[in-house]
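Structure at a glance
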Amino acid sequence: MSIVESIVKLLLQKLADPILQEAIFLYGVGDQVEWLEAEFKRMQCFLEDADAKQEGDRRVKGWVGDVRDVAYDAEDVIDTILFKVANLRRTGIKRYACIFNELKPRHEVGSKIERIKAKIRAISESRSTYGIENIGQGAGTSSSGLSLQEWRLTSPLSQETDFVGFEKELEMLVAQLTEGELRRCVVSVVGMGGLGKTTLTKKLYNANTVKKHFHTHAWISVSQEYSARDLLRVFVRRWRVVSDKAAEKLNIAELRDKISEYLNDKRYLVVLDDIWKREAWDALKDAFPDANNGSRVMLTTRIKDVASYADRRSQPHELRFLTNEESWDLFRKKTFAGQDGGWPPDYLEKLGREIVEKCHGLPLAIAVIGGLLSGKEPREWDNVRKSISWQFVEGEVQISSILSLSYKDLPYYLKPCFLYLGNFPEDYEFHANELIGLWAAEGFLKERGELTLEEVGEDYLMQLVQRSMVQLTRRNSSRGIKSCRIHDLLRDLSISEAKESKFLEVRRDNGNAPSASRARRLAIHLNEPKYISLSSSHPHLRSVLIYIQGYTSLQKEQSKFLFQGFKLLRVLYLAGVEIRELPKQIGELIHLRYLRCTKTELETLPSSIGNLINLQTLFLQSINHIVVPDTIGKMHQLRHLRLPGNKPQIIMSTGSVIEERHFGVIQGHPRLDLISNLQTLYGVYAGKWMEGCLGKLTNLREIKILFETGADAELFSEAIVNLNCLHHLWARMSVPIRIFEGSAKVLPLPNLSHLLKLSKLYWGGKLETFPEFPTNLTKLTLEWSGLKEDPMATLEKLKSLRILKLLGASYDGVEMACSAQGFPQLESLHLQALCNLKEWRVEEGAMPSLLHLWIGDCKQLKKLPEGLQHVTTLKKLELWWMRDEFNARVREDGGEDWYKIRHIPSIDIQQMIRFEAFGL
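Here is what the cut-offs are and how they apply
- Residues numbered from 1 in each chain as written.
- Predicted model: local features only at pLDDT ≥ 70, side-chain atom pairs only at ≥ 80, totals over all residues.
- Heavy atoms only, no water.
- Axes fitted to C-alpha atoms, helices over the stretch in contact; angles between N-to-C directions.
- Helix = DSSP H or I, 4+ residues; strand = E, 2+ residues; numbered from the N terminus.
- Parallel < 35°, antiparallel > 145°, perpendicular 65-115°, else oblique.
- Left-handed = near helix turned anticlockwise from the far one by under 90°.
- Contact = heavy atoms within 4.5 Å.
- pLDDT = per-residue confidence, 0-100.
- Salt bridge = Lys/Arg side-chain N within 4 Å of Asp/Glu carboxyl O.
- Buried < 20%, exposed > 50% of the residue type's maximum accessible area, 1.4 Å probe, protein only.
- Phe/Tyr/Trp six-rings, centres within 6.5 Å; stacked < 30°, edge-to-face > 60°.
- Lys NZ or Arg CZ within 6 Å of the ring centre and 35° of its normal.

Now for the packing of helix H8 (residues 167-178) against helix H9 (residues 197-206). Interaxial distance between H8 and H9 falls to 10 Å at its minimum, and their mutual angle equals 55°. Judged by the inter-axis angle, H8 sits oblique to H9. Between H8 and H9 the crossing geometry is right-handed. Between H8 and H9, the contacting residues are Leu-170, Leu-173, Val-174 and Leu-177 on the first element and Leu-200, Lys-203 and Leu-204 on the second.

If you want it as structure tokens, here you go:
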């Protein structure tokens with residue numbers, strides 16, 4: 001489904017919104033809007049086939065563009081109606097009632113709809129001109145380039161002589177194929193188009209070691225469009241199981257049986273190249289018997305989910321990008337093959353390396369550019385260097401066909417989500433929560449069954465990761481996606497596709513945005529903080545996202561431009577733009593759903609912010625306390641409120657006072673209980689607002705709260721009983737204290753065992769008793785707890801715990817022990833400023849999954865535990881601010897404890913004085 005079909009679908013969802021019904025009734029345009037809805041539904045029937053045909057037919061492409069433009073026109077009229085009605089409602093009942101007498105605006109709206117209807121009639125009539133009615137026959141063919149399978153046969157990457165950079169991977173995969181389990185294993189190679197999956201697999205397939213190991217082998221390309229029967233017949237012909245004539249008469253089940261019977265007494269290798277769907281594997285798998293003799297099936301796929309589905313017990317091999325040197329090696333082989341052993345003249349090497357850097361390790365891009373430049377003059381090299389991003393998207397058919405294939409295969413609901421990634425600057429690592437909040441604000445997400453918008457968004461993002469359209473960079477402690485980035489070439493693809501469909505325009509310079517583009521979204525990426533004033537009007541904009549490297553302060557007229565210039569704005573995202581105040585006029589942006597300011601000096605928010613009745617996400621960072629007015633209780637659609645909530649500095653063992661940071665102050669006693677969808681309440685002081693309110697926010701998933709009094713803590717303890725959806729809890733006392741002098745205030749931790757969804761917990765305050773934790777806790781941070789008894793005896797029984805941080809004064813004892821089989825899932829252990837700890841014992845078999853151990857500022861700890869030598873999973877050990885005597889014991893050159901840690905690949909010893917605590 002095309003992006004235009006996605007646009008029409010989103011428009012139809014808006015037309016069906018009950019909130020719209022009152023507005024169109026008041027404007028007397030109900031019949032006209034119903035007509036629009038019916039026509040767009042009819043158009044939707046033609047769009048899917050039109051999308052397939054427009055690749056090779058400019059007339060059809062024009063028709064699809066006409067549909068997009070008229071859909072945008074309709075959305076503008078609808079949003080304008082909603083804006084005017086909301087403004088009338090705000091100004092009072094009397095004027096609101098006078099809308100029936102305001103004939104001029106009603107006439108203007110009716111006239112605009114009539115013009116839209118005329119355009120729709122013209123578009124409908126043009127279907128016969130463009131041949132849309134008969135589009136089903138022969139659709140999907142493209143004259144723009146070769147099919148993927150044809151391309152593979154002619155691609156330079158299919159030649160094994162140019163295999164570069166995967167020698168270690170090759171060695172490992174050879175071992176997987178020829179050694180290990182006797183069961184029939186599926187070995188999968190996963191990665192985006194152009195990474196070299198097929199090249200690597202061909203190298204394996206043709207290796208002498210592999211060929212000698214198997215009795216028989218076969219290779220077949222599956223691809224997106226496949227016939228299971230035809231694929232099986234290829235195997236039949238390859239092995240000559242039956243004659244071609246006999247095979248013609250066999251159905252799918254009979255073909256599978258014949259192949260299985262033939263392979264049953266043989267150790268075989270089968271390669272299924274470019275498999276896209278689970279259904280393809282289901283259709284073929286029964287043909288490959290498991291005779292417990294070491295047979296193997298290899299898959300190459302862009303979709304990790306397909307690989308995992310084929311064999312749950314085998315870990316898919318995710319192909320990496322080439323390093324700079326590997327990239328250069330491949331480039332010179334392509335460009336200078338046969339010339340002086342493949343080395344370029346000196347005057348071309350510097351330019352060539354600059355070009356290679358722009359390929360970012362993608363073998364397909366490197367190979368195509370290398371072939372393009374082979375034999376060309378230096379002047380042409382420089383031209384390619386300047387336009388290489390354009391070349392990938394606009395110029396090279398091979399590149400665009402490979403990268404576009406993944407995009408075109410996306411279901412309709414993922415296409416706008418992918419195009420939206422073009423908003424982010426190059427190499428930007430975006431947090432999953434940030435991206436999903438933006439998707440929700442744009443209307444790309446719809447609640448599905450019992451899933452929330454956020455859970456649907458998590459599913460969408462995971463689908464993009466599995467399709468190798470997005471690179472997963474970090475996981476959270478619950479194994480979910482924490483952050484991602486998009487490869488530059490795919491980002492170029494998203495920007496190109498988005499610009500063509502008027503979905504998004506990205507500006508990288510300081511000129512005025514071209515108003516004729518009618519882009520719905522504008523992303524501004526600047527290196528110099530010299531911007532922010534656009535002279536032209538942009539009534540069509542729905543999103544403005546500004547990223548400035550460094551910071552710039554807004555002048556008065558610039559602030560007016562941002563907060564008053566776009567009446568229909570849904571998203572306003574300001575990164576690196578310093579905001580001193582939010583003008584009261586911000587309350588007029590009634591369509592606003594997402595507001596984020598990452599660099600502010602805000603102290604108060606205007607009371608008019610309560611007029612943002614559609615706002616879903618409010619994210620503000622400030623160097624000051626931010627006072628939130630009680631009008632926030634009117635923002636019934638609010639889902640995420642994130643205020644500064646900076647992480648505190650830890651107290652040094654010298655007893656210096658903690659540096660207090662700034663949180664948000666909620667003014668008065670707003671009716672937050674009416675914000676039933678609120679899921680994030682981050683960076684707020686406890687206060688009166690909690691009374692009779694906090695316990696009713698039953699959809700809360702994340703809360704970060706600061707307590708000043710014991711009474712507030714008690715109120716919180718009473719309210720938390722009802723917060724059964726809570727995933728993340730961060731709480732601490734706020735008053736500066738000398739915790740090492742024993743004056744820490746008690747912050748009683750309530751019983752949390754009933755919070756079955758709680759996965760992350762930070763608790764900063766003295767505990768008199770050790771609570772019962774929920775069994776599925778994955779990350780726990782304790783600070784200032786002052787525990788007298790060894791916490792390990794309790795915590796090691798938490799079977800889901802992956803990250804444990806015991807920070808300053810969380811434990812006052814002198815001994816600590818980890819017993820055998822304790823902490824079965826723990827991957828990261830952080831011990832910091834446990835000032836009385838002298839001895840730590842680790843039994844053999846404890847912490848069998850530990851990957852990272854951090855010990856810092858534990859001044860009394862004499863030595864590392866004996867049992868650490870048995871923790872063979874450890875990949876990294878960090879020792880910070882420990883005594884010289886301790887550090888001497890872990891030196892490689894004669895240290896008494898070296899034998900305990902010599903198996904650890906990475907050991908880092910730091911002695912600089914720097915103290916920072918990390919909460920959730």
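Attention now goes to the confidence of the model for the chain. Per-residue confidence for the chain gives a mean pLDDT of 79, with 78% of residues at or over 70. Predicted confidence is poor over residues 510-516, with pLDDT under 50, and the contacts of this stretch with residues over four places away or in other chains come to 15 contacts. Low confidence marks residues 912-920, where pLDDT is under 50. Its contacts with residues over four positions away, or in another chain, come to 32 contacts.

Counted according to the given criterion, the structure contains 33 salt bridges. With its nearest N and O atoms 3.5 Å apart, the salt bridge here joins Arg-233 to Asp-230. Taken together, the residues span about one helical turn, with Arg-233 and Asp-230 both in helix H11 (residues 228-239) at a distance of three residues. Residue Asp-230 is classed as partly exposed on the basis of its relative accessible area, which comes to 39%. Residue Arg-320 pairs with Glu-326 through a salt bridge whose shortest N-O separation is 2.9 Å. The class of Arg-320 is partly exposed, set by a relative accessible area of 29%.

A word on the environment of Lys-859. With respect to the helices, strands and loops of the structure, Lys-859 is situated in the loop between strand E27 (852-856) and strand E28 (876-880). Residue Lys-859 is classed as partly exposed on the basis of its relative accessible area, which comes to 24%. Spatially, the C-alpha atoms of Lys-859 and Asn-836 are 7.7 Å apart, while their sequence positions differ by 23 residues.

Okay, the packing of aromatic side chains next. Within the structure shown, the criterion is met by 23 aromatic pairs. Between the aromatic rings of Phe-707 and Phe-716, the centroid separation amounts to 5.4 Å while the plane-to-plane angle is 65°, which identifies the pairing as edge-to-face. Phe-716 matches Phe-707 in its accessibility class, with the two residues each being buried. What links up through ring pairs into an aromatic cluster is the set Phe-424, Tyr-428, Phe-430, Tyr-547, Tyr-573 and Tyr-594. If you follow Lys-266 out to its NZ or CZ, it ends over the ring of Tyr-262, 4.0 Å from the centre. The ring of Tyr-682 is capped by Arg-642, whose NZ or CZ atom sits 4.2 Å from the centre of that ring.

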